[in-house]
Amino acid sequence: MNSPIIELKSVGKSFRSADGSARSVLENVDFTLNEGEIVALLGKSGSGKSTMLRIMAGLIGADSGQVLYRGLPIYGPAHGISMVFQSFALFPWLTVQKNVELGLEAKGMSPDERIQRARSAIELIGLSGFEGALPRELSGGMRQRVGIARALVMEPEVLLMDEAFSALDVLTGERLREDILELWEGGLLPTKAMLVVSHNIEEAVMMADRVLVFASDPGRVRDELQIKLPRPREVEGADVRSLIDKVYGLMTAGALRSGRMADKGVKMGIGDRLPEVGISRMEGTLEILADEPFLGRADLPKLAEKTELSDHELLDIASALTLLGFALLEQGDIMLTPLGLKYAQAENSERKAIFGHQLIENVPLIAYIRHGLVQDPSGDLHEDLFLKLLRFTLSEADTLSALRVAIEWGRYGELFEYDFNTGTLNMPKDEEVAAEQRARDIA
Amino acid sequence: MTLDTLTESAMSERKQFFPRQVVETGWNKWDWALLPMVLAVLVLLAYGGEEMSRPYQVGQALDLSLNPEYLPYYLLRTTLRMFIALGASIAFSCVFAVLATKYRAAEKFLIPMLDILQSIPILGFLSITVTAFIALFPGSLLGVECAAIFAIFTSQAWNMAFSAYQGFRTVPTELKEAASVFNLSSWQRFWRLELPFATPGLLWNMMMSMSGGWFFVVASEAISVSNQNIKLPGIGSYIALAIEQRNLHAIAWAIGAMLVGVILYDQFFFRPLLAWADKFRFEESGSETAQESWLLNWLRKTERTKGIALAASNTLERSFVIFKHNYDGTSIRARPLARSTTPERIWDAVLAAVVFYALWTLVHFIHAEVSWSEVGLAFMMGFYTMVRVVVLIFLAALVWIPVGVWIGMNPRIAGRAQAVIQFLAAFPANLMFPVVVFLLVRYHLNPDIWLSPLMILGTQWYILFNVIAGASTIPTELRYAAQNFGLSGMLKWRRYLLPAIFPSFVTGAITASGGSWNASIVAEYVTWGNTTLKAHGIGSYIAEMTASGDFPRIALGIGVMCIFVMGFNHFIWRSLYRMTENRLHF
């Protein structure tokens with residue numbers, strides 16, 4: 001094996017949440033990036049893969065453990081490590097040429113040399129002729145090319161890519177990826193190793209020599225997969241397809257474990273993250289799953305193709321469906337349960353009844369909200385009560401997302417209502433009337 | 001052919017627009033035309049500057065004539081003052097924004113400080129600082145000039161500083177990270193990232209400040225505080241003199257000169273600047289139409305100016321070499337120091353101590369210098385003015401919301417209206433005094449009621465301005481939907497138009513109410529020749545005390561006004577603003 005460039009040794013990172021309690025994002029991560037390899041990091045959003053990338057970039061410091069670059073500790077961004085950003089992060093007021101020169105200028109390089117180097121980087125990445133353009137004149141794909149040229153001109157040993165292709169449309173993203181792999185294989189890049197954070201499984205399999213799958217809460221490397229296929233790889237090739245299947249399997253297995261589903265014997269807790277999935281997506285997926293050609297059982301990559309959803313969207317939907325007991329995951333396949341089938345075929349009102357029932361059974365947060373409302377004489381509770389509770393275990397963004405999901409689901413299941421203006425959760429109106437009626441009857 | 005190559009080929013057809021330096025080289029005809037203009041400007045600046053530092057003794061009367069022939073000269077002097085103040089405001093804003101965003105300790109102190117400073121009426125500054133400035137430059141006019149410039153500065157700087165701070169703070173995270181990854185030093189970051197990002201907001205506020213400056217130019221040039229009576233040559237003093245001598249013709253001339261001034265600096269300064277600053281817009285969409293400026297197009301065609309611009313950018317880049325980061329993250333120097341909370345605690349303690357000391361002095365001062373009943377009176381006055389402000393904002397809303405919505409929905413009118421409204425916003429209320437005094441005396445009207453409209457004269461335009469902006473950004477689809485459902489009458493306003501423009505109305509009303517408080521000093525205490533009319537209110541209280549040079553009461557009046565303005569901002573505007581941010585936007 002080639003020599004290591006970046007090493008992480010039992011690195012941990014936690015962030016302070018709003019109430020001051022620390023929440024662990026990364027725990028005990030060991031990782032080595034070796035010369036001559038491309039490594040892909042896969043994982044659900046919030047699994048800490050972005051944090052790990054930023055620790056390596058020197059943008060944030062690790063709380064514990066060691067970060068070594070060529071055997072020496074790093075405390076901030078190093079010259080030999082460069083980064084490409086998801087939203088390009090180009091300076092809109094600088095021309096393409098000036099954007100590419102940025103890092104060289106910061107280093108204090110003389111104008112002549114700087115211009116020369118930027119020119120060749122621009123040419124390498126296929127942007128010649130656009131030197132004088134402002135970023136806003138370019139399409140997304142061209143902008144990301146500028147972002148890559150800007151990173152490459154620094155002649156970095158390590159290139160970090162933070163979901164570099166996910167803001168582009170599929171075609172443009174693939175094209176750019178292929179171009180970069182071509183340069184890499186042709187030995188035209190100064191770069192000795194690349195680390196790619198992605199949530200696109202196909203992208204990871206097409207690019208990487210090694211795929212790391214992250215588990216969340218707290219983030220850690222759970223699985224590692226070596227890919228020995230020669231590049232360029234064929235997307236439709238049998239080897240690639242089976243690898244994609246395999247990674248799907250690893251990812252969904254992770255979803256089960258980290259989501260703490262009932263079937264593994266670990267019940268979900270009140271303060272757990274909820275998959276951010278809307279009702280219509282869930283129902284749409286259920287219906288597609290119940291129909292031809294799947295008839296209740298589907299290969300996840302095929303389902304992704306059919307539904308035109310991205311991998312992480314589909315994985316979120318899958319974990320929501322398993323959470324509610326409508327589906328099961330097995331070896332990268334998704335299967336409808338009898339209840340899921342019944343749901344897919346049911347009428348609207350029946351669906352709502354089933355949905356509401358499953359929520360109470362399987363989603364502790366929603367059950368807890370409902371319980372509070374039923375007990376409370378006024379029949380309404382302020383959302384802050386629940387937000388405070390969630391903040392103990394979740395980050396601010398996850399807290400808001402969890403409550404938002406709970407509200408959307410709970411509304412649909414007719415378990416409670418929500419007033420946006422006042423931020424209160426309350427009992428559905430007709431139930432309240434019924435309860436009053438009962439109270440009067442008793443009196 | 002993939003999609004990307006398609007866009008690439010489409011792009012390359014537009015390629016000839018990009019590198020202009022390569023297309024045009026050599027001497028060009030525009031250089032000749034520009035030369036006299038540049039020379040003329042230089043001569044004027046030198047002349048104005050020389051006049052500013054003439055010898056002067058306190059008490060000496062400065063020649064001032066109502067002859068319109070002198071107006072161009074007065075215009076030059078006034079404009080020079082305003083631009084110096086503007087320059088100072090820009091420098092202040094940048095320093096303020098850097099300090100407040102880089103150091104938490106500074107932020108803790110600076111933000112509330114600015115909050116207070118902006119609610120202090122500018123006359124307050126003038127009365128406190130004029131003697132100090134005169135002492136600073138004995139025997140020269142420069143001291144008085146500085147006092148006047150400082151007063152103009154105080155009417156321009158605060159909102160610019162806030163906008164710069166806001167801009168520096170809201171630099172997108174990814175751009176910040178990119179700057180870190182490429183190891184930009186603080187100096188490089190300031191010029192390459194933070195200042196460009198804050199520029200559009202800063203520029204917009206500069207224009208607003210310039211208008212605001214005109215409003216107070218009379219007060220700041222004709223200094224009649226603490227028993228001084230100095231009239232610096234300028235449009236403001238010209239107006240003041242015209243008011244003293246009841247000369248309506250002169251007033252008309254002054255309005256004309258102001259109009260010329262506004263048009264000149266709009267055409268020669270702001271329009272080129274706006275057109276140039278278009279590249280700093282951050283939104284990636286090109287929906288907003290770019291500003292056009294004939295002067296900028298002209299300058300861009302000229303070799304000389306290109307040379308100057310190039311030299312400037314080269315100098316900047318050379319400075320980057322000097323102020324660069326000399327080490328990267330692998331160096332021991334990048335190692336984060338263990339964070340100690342002690343200095344922060346000490347700083348907090350110092351701040352608290354200063355606050356307590358100030359509070360104690362204040363109580364002591366009030367007790368010794370002015371009676372507590374005087375404080376009660378001042379608060380009563382403040383209450384009167386508050387009632388005025390509230391009623392006026394409400395009335396202005398009634399009038400300008402329908403007008404603004406109508407203009408905003410007609411894009412062709414909206415474009416032209418903008419320039420007109422800016423002039424109206426700059427229009428000093430003082431120029432209306434003759435008419436008002438005449439009417440009030442003639443018909444024996446109650447000054448408590450009829451002087452009030454003067455307060456909102458200059459500031460109502462902010463409401464109109466923002467409502468127009470709000471109405472013109474109503475999404476077309478929403479407009480079609482409203483038409484489709486046949487919304488009309490009250491329902492149309494309640495359900496569609498009012499909610500749609502409410503956020504921009506609130507923004508405008510905040511500015512308008514702040515301005516009205518400030519204007520109350522001018523508007524509640526009005527003179528025309530020997531006639532003086534005054535309305536009960538904190539503004540007239542301050543103006544009266546200022547005229548008689550009663551420092552303790554000036555301080556009391558200013559303090560009370562600050563409390564009212566800040567209370568207003570905190571309890572009413574901010575909560576309204578937050579509400580609109582949460583709920584009412586597209």
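Residues numbered from 1 in each chain as written. Chains lettered and ligands numbered in written order. Predicted model: local features only at pLDDT ≥ 70, side-chain atom pairs only at ≥ 80, totals over all residues. Heavy atoms only, no water.

J.: What's the story with the overall build of chain A in this structure? I'm lost.
T.: Across its full length, chain A carries 16 helices and 16 strands. Relative to its 443 residues, chain A shows a buried fraction of 56%. Counting contacts in chain A only where the partners sit at least 6 residues apart, residues at least 24 apart contribute 69% of the total. Of the accessible surface of chain A, which amounts to about 18500 Å², a share of 51% is contributed by carbon and sulfur atoms. (Helix = DSSP H or I, 4+ residues; strand = E, 2+ residues; numbered from the N terminus. Buried < 20%, exposed > 50% of the residue type's maximum accessible area, 1.4 Å probe, protein only. Contact = heavy atoms within 4.5 Å. Areas by Shrake-Rupley, 256 points an atom, 1.4 Å probe, with all protein chains shown as cover.)

J.: Any chance you could explain the packing of aromatic side chains here in plain terms?
T.: Residues and elements named next belong to chain B. For the coordinates displayed, the defined rule picks out 32 aromatic pairs over all chains. Consider the rings of W187 and F323, whose centres lie 5.1 Å apart with planes at 50°: the pair is tilted. Of the two residues, W187 sits in helix α9 (residues 186-215) while F323 sits in the loop between α14 (303-322) and α15 (342-369), which places them 136 residues apart along the sequence. On the basis of relative accessibility, which here comes to 33%, the residue W187 falls in the partly exposed class. Judged by centre distance (6.3 Å) and plane angle (70°), the ring pair of F568 and W573 falls under edge-to-face. In this structure, F568 and W573 share a single accessibility class: buried. One Lys or Arg, R442, reaches over the ring of Y443 and ends 5.6 Å from the middle of that ring. (Phe/Tyr/Trp six-rings, centres within 6.5 Å; stacked < 30°, edge-to-face > 60°. Lys NZ or Arg CZ within 6 Å of the ring centre and 35° of its normal.)

J.: I would appreciate a short explanation of the packing of α9 of chain B against helix α12 (residues 248-276) of chain B in the present structure.
T.: To characterise two packed helices, one gives the angle between the axes of the helices and the distance between these axes. Residues and elements named next belong to chain B. Two numbers describe how α9 lies on α12: the axes approach to 12 Å, and their chain directions differ by 170°. Considered as vectors, α9 and α12 are oriented roughly antiparallel to each other. Within the contact between the two elements, α9 uses L203, M206, M207, M210, S211 and W214 and α12 uses M258, V262, Y265, F269, F270, R271, L273 and L274. Of the residues contributing to the contact of α9 with α12, the split by class is 12 nonpolar, 1 polar and 1 charged. (Axes fitted to C-alpha atoms, helices over the stretch in contact; angles between N-to-C directions. Parallel < 35°, antiparallel > 145°, perpendicular 65-115°, else oblique. Nonpolar A, V, L, I, M, F, W, Y, C, P; charged D, E, K, R; others polar.)

J.: Would you mind going over unusual backbone geometry with me for this structure?
T.: Comment: phi is negative for the bulk of residues other than glycine, and the bulk of peptide bonds are trans. Residue and element names in this part refer to chain A. Going from R231 to P232, the amide bond is cis rather than trans, its omega being -5°. Relative to the helices and strands, P232 is located in the loop between β10 (220-226) and α7 (238-259). In this structure, L295 takes a positive phi of about 50° despite not being glycine. As for its placement among the helices and strands, L295 is situated in the loop between α8 (279-290) and β11 (297-299). With relative accessibility at 57%, the residue L295 sits in the exposed group.

J.: Is there a simple way to think about the sheet that holds strand β16 (residues 424-426) of chain A in this case?
T.: In any sheet, the strands associate via hydrogen bonds between backbone groups, in a parallel or an antiparallel arrangement. Residues and elements named next belong to chain A. Strand order in the open sheet formed by 3 strands is β14-β16-β15, and the pairing between neighbours is antiparallel. With one partner strand each, in any of the chains shown, β14 (380-382) and β15 (417-419) form the two edges of the open sheet. Pairs of neighbouring strands in the sheet enclose a mean axial angle of 25°, with direction left out of account. Where β14 and β16 come together, 3 bridges link them in antiparallel fashion. Across the sheet, residue D380 finds its bridge partner in β16, namely N426. (Pairing = 2+ DSSP bridges.)

J.: Before we go on, may I ask you to explain the pattern of salt bridges in this structure?
T.: A side chain of one charge can pair with a side chain of the opposite charge if their charged atoms are brought near each other. Taken as a whole and judged by the stated rule, the model has 41 salt bridges over all chains. When the shortest N-O distance is used, the salt bridge between R70 of chain A and E157 of chain A registers 2.5 Å. With a gap of 87 residues between them, R70 of chain A in the loop between β4 (64-69) and β5 (72-73) and E157 of chain A in the loop between α4 (140-152) and β7 (158-162) connect regions that are remote in the sequence. Note that D209 of chain A is salt-bridged to R231 of chain A, the shortest N-O span being 3.2 Å. Placement of the pair is D209 of chain A in the loop between α6 (201-207) and β9 (210-215) and R231 of chain A in the loop between β10 and α7, with a sequence separation of 22 residues. Each member of the pair, D209 of chain A as well as R231 of chain A, is classed as buried. Here the salt bridges share partners, and the residues they tie into one network are K98, E101, E105 and R114 of chain A together with R192 and E317 of chain B. (Salt bridge = Lys/Arg side-chain N within 4 Å of Asp/Glu carboxyl O.)

J.: Any chance you could explain the pairing of β10 of chain A here in plain terms?
T.: All names here are of chain A. Here 6 bridges tie β9 to β10, and the two strands are oriented antiparallel to one another. Bridge pairing in β10 links L212 to E224. As consecutive antiparallel partners, β9 and β10 are separated by 4 residues, and within that stretch D217 has a phi angle of approximately 55°, a positive value.

J.: What am I meant to see in the interface of chain B and chain A here?
T.: Reports often express the size of an interface as the amount of accessible area lost when the parts come together. In this complex, chain B contributes 46 residues to the contact, which on the side of chain A involves 53 residues. Across the chain B to chain A interface the summed buried area is about 4300 Å²; carbon plus sulfur atoms make up 60%. Joining chain B to chain A, the criterion identifies 4 salt bridges. When the shortest N-O distance is used, the salt bridge between E317 of chain B and R114 of chain A registers 2.7 Å. The interface formed by chain B and chain A includes 10 residue pairs in polar contact (both at pLDDT 80 or more). When residues of the side of chain B that touches chain A are traced back to their parent elements, those giving at least two are α1 (3-12), α8 (173-181), α9, α14 and α25 (551-583) of chain B. Its residues placed into classes, the side of chain B that touches chain A shows 19 nonpolar, 11 polar and 16 charged. (Buried area = accessible area lost by both parts, 1.4 Å probe. Polar contact = N/O pair within 3.5 Å; in protein donor to acceptor, adjacent residues only side chain to side chain.)

J.: How should the pairing of β7 of chain A be read in this particular structure?
T.: Residue and element names in this part refer to chain A. The buried count for β7 comes to 5 of 5 residues, which makes it a mostly enclosed element. Of the two faces of β7, the one carrying V158, L160 and D162 and the one carrying L159 and M161 are both buried. Pairing between strand β6 (residues 81-84) and β7: 4 bridges, direction parallel. Its bridge partner being in β7, M83 is matched across the sheet by L160. Summarising the sheet, β7 and strand β8 (residues 193-197) pair through 5 bridges and their orientation is parallel. Bridge pairing in β8 places L160 opposite L195. In terms of handedness, the path from β7 via helix α5 (residues 170-185) over to β8 forms a crossover that is right-handed. (Right-handed = clockwise from strand over helix to strand, strands pointing away.)

J.: Looking at this model, I keep getting lost on helix α14 (residues 383-391) of chain A. Mind explaining?
T.: Every α-helical turn comprises 3.6 residues, leaving residues that sit three or four positions apart pointing alike. Residues and elements named next belong to chain A. Where α14 is concerned, the buried positions are E383, F386, L387, L390 and R391. Looking straight down α14, one finds that the buried residues subtend no more than 140° of arc, so they occupy a single side. Buried residues along α14 sit in contact with α13 (364-375), β14, α15 (396-412), β15 and β16. (Arc of directions from axis to C-beta.)

J.: Hey, could you run me through the environment of V526 of chain B in this one?
T.: Residues and elements named next belong to chain B. Structurally, the position occupied by V526 is in strand β3 (residues 525-528). C-alpha of V526 to C-alpha of P447: the two residues are 79 residues apart in sequence and 9.7 Å apart in space. When residues no more than four places from it in sequence are discounted, the contact partners of V526 are F433, V437, L451, L454, T531, T532 and L533.

J.: Just checking my understanding: could you explain the sheet that holds β7 of chain A for this structure?
T.: All names here are of chain A. One open sheet holds the 6 strands; their spatial order is β6-β7-β8-β3-β9-β10, and the pairing between them is mixed. Lying at the two open borders of the sheet, with one neighbouring strand each, are β6 and β10. Within this sheet the neighbouring strands show an average axis-to-axis angle of 20°, counted without direction.

Nothing here speaks to function; it is all geometry.
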